[in-house]
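Here is how the chains run, residue by residue.
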Amino acid sequence: MAQGGKQPVQWMAAPQAIQGCPPGLEYLTQVDQLLVHQQVELLEGKVIHIERPLRCQAWCCFCCLQKIEVQSPPGTVVGYVKQDLSFIYPWFTIENADGEPVLKIKGPCWTCKWCEVEFEVLSVNGEQQVGKISKQWSGLAKEYFTDADNFGIQFPMDLDVKMKAVMIGAVFLIDFMFFERSGNN
């Protein structure tokens, strides 16, 4: 028993090191979904580093389509998330470190911070849904007074862990583009 009669938090058992898997991403081999809970303060310990070049903030500004680079460990590129040119639905391409398309993401024709919103994760040809990224409603007070959001990610269990890390990067790009009020700050 922990202090105060509470049960200690049970974390997932540390997986064995996997050859070719960036350190810290071994946990992703055992999951097919995640909940990303945005904290107001900074966390310690870098496993994934995301770089986003300075670009126009509006998702519909076709002269500066959004792109992020995902690194794991920091300094080693594992993939990219690139906004595709589209007119009604926002589309993104998930690429591996060589810039080869692996998955597509299709967003809704409009997004709202005040409701649940789903982005479909599709096969590279865009024909089959293989997962989703969902922005989850956190309640009126939290949604109105903070920019801290909750997202769920679902992806195939057998998806390469590096691409799972890139999917986590996609969550942050989607959050920035569609749900953050503070923009480039």
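Scroll up to find the structure.
Residues numbered from 1 in each chain as written. Predicted model: local features only at pLDDT ≥ 70, side-chain atom pairs only at ≥ 80, totals over all residues. Heavy atoms only, no water.

Trainee: I would appreciate a short explanation of a nonpolar patch on the surface in the present structure.
Mentor: A cluster of nonpolar side chains, Leu85, Phe87, Ile88 and Tyr89, forms an exposed patch at the surface whose accessible area comes to about 470 Å². Take Leu85: it is sitting in the loop between β4 (77–84) and β5 (91–96). Residue classification places Leu85 among the exposed positions, given a relative accessible area of 55%. (Patch = residues over 30% accessible without salt bridge, like charges linked within 9 Å, V, L, I, M, F, W, Y side chains within 5 Å. Areas by Shrake-Rupley, 256 points an atom, 1.4 Å probe, with all protein chains shown as cover. Salt bridge = Lys/Arg side-chain N within 4 Å of Asp/Glu carboxyl O. Helix = DSSP H or I, 4+ residues; strand = E, 2+ residues; numbered from the N terminus. Buried < 20%, exposed > 50% of the residue type's maximum accessible area, 1.4 Å probe, protein only.)

Trainee: Just checking my understanding: could you explain the pattern of salt bridges for this structure?
Mentor: Two side chains that carry opposite charge are able to pair once their charged atoms sit near each other. Using the criterion set out here, one finds three salt bridges in the structure. With a shortest N-O distance of 3.1 Å, Glu95 and Lys82 are connected by a salt bridge. Of this pair, Glu95 sits in strand β5 while Lys82 is found in strand β4, placing the two residues 13 residues apart along the sequence. Its relative accessible area of 27% is what places Lys82 among the partly exposed residues. Two residues, Lys104 and Asp84, come together in a salt bridge whose shortest N-O distance is 2.9 Å. Of this pair, Lys104 sits in strand β6 (residues 101–106) while Asp84 sits in strand β4, and the two are 20 residues apart along the sequence.

Trainee: I'm lost on the packing of aromatic side chains in this one. Help?
Mentor: Geometrically, a pair of aromatic rings is defined through the distance of the ring centres and the angle of the planes. With the rule as written, the count across this model stands at one aromatic pair. Here Phe119 and Phe178 contribute two aromatic rings whose centre-to-centre distance is 5.5 Å and whose plane-to-plane angle is 50°, an arrangement assigned as tilted. Of the two residues, Phe119 is situated in strand β7 (residues 117–123) and Phe178 in helix α2 (residues 161–178); the sequence distance between them amounts to 59 residues. Under the relative-accessibility criterion, Phe178 is labelled buried at 15%. Over the aromatic face of Tyr89 sits the side chain of Lys106, whose NZ or CZ is 4.4 Å from the ring centroid. (Phe/Tyr/Trp six-rings, centres within 6.5 Å; stacked < 30°, edge-to-face > 60°. Lys NZ or Arg CZ within 6 Å of the ring centre and 35° of its normal.)

Trainee: Explain unusual backbone geometry to me, please; I cannot follow it from the model alone.
Mentor: Among all residues save glycine, negative phi is the norm, and among peptide bonds the norm is trans. For the bond from Ser72 to Pro73, the omega torsion is -5°, close enough to zero to count as cis. Checked against the element boundaries, Pro73 lands in the loop between β3 (67–71) and β4.

Trainee: Would you take a moment to explain the pairing of strand β8 (residues 129–136) for this structure?
Mentor: Strand direction decides the pairing type here: β7 and β8, joined by six bridges, are antiparallel. Bridge pairing links Phe119 to Ile133 in β8. In this structure, the hairpin formed by β7 and β8 is closed by a connection of five residues, where Gly126 is found at a positive phi of approximately 80°. Inspection of the sheet shows β8 paired to strand β9 (residues 150–154) by five bridges, in the antiparallel sense. The residue of β9 that forms the bridge with Ser134 is Gly152. (Pairing = 2+ DSSP bridges.)

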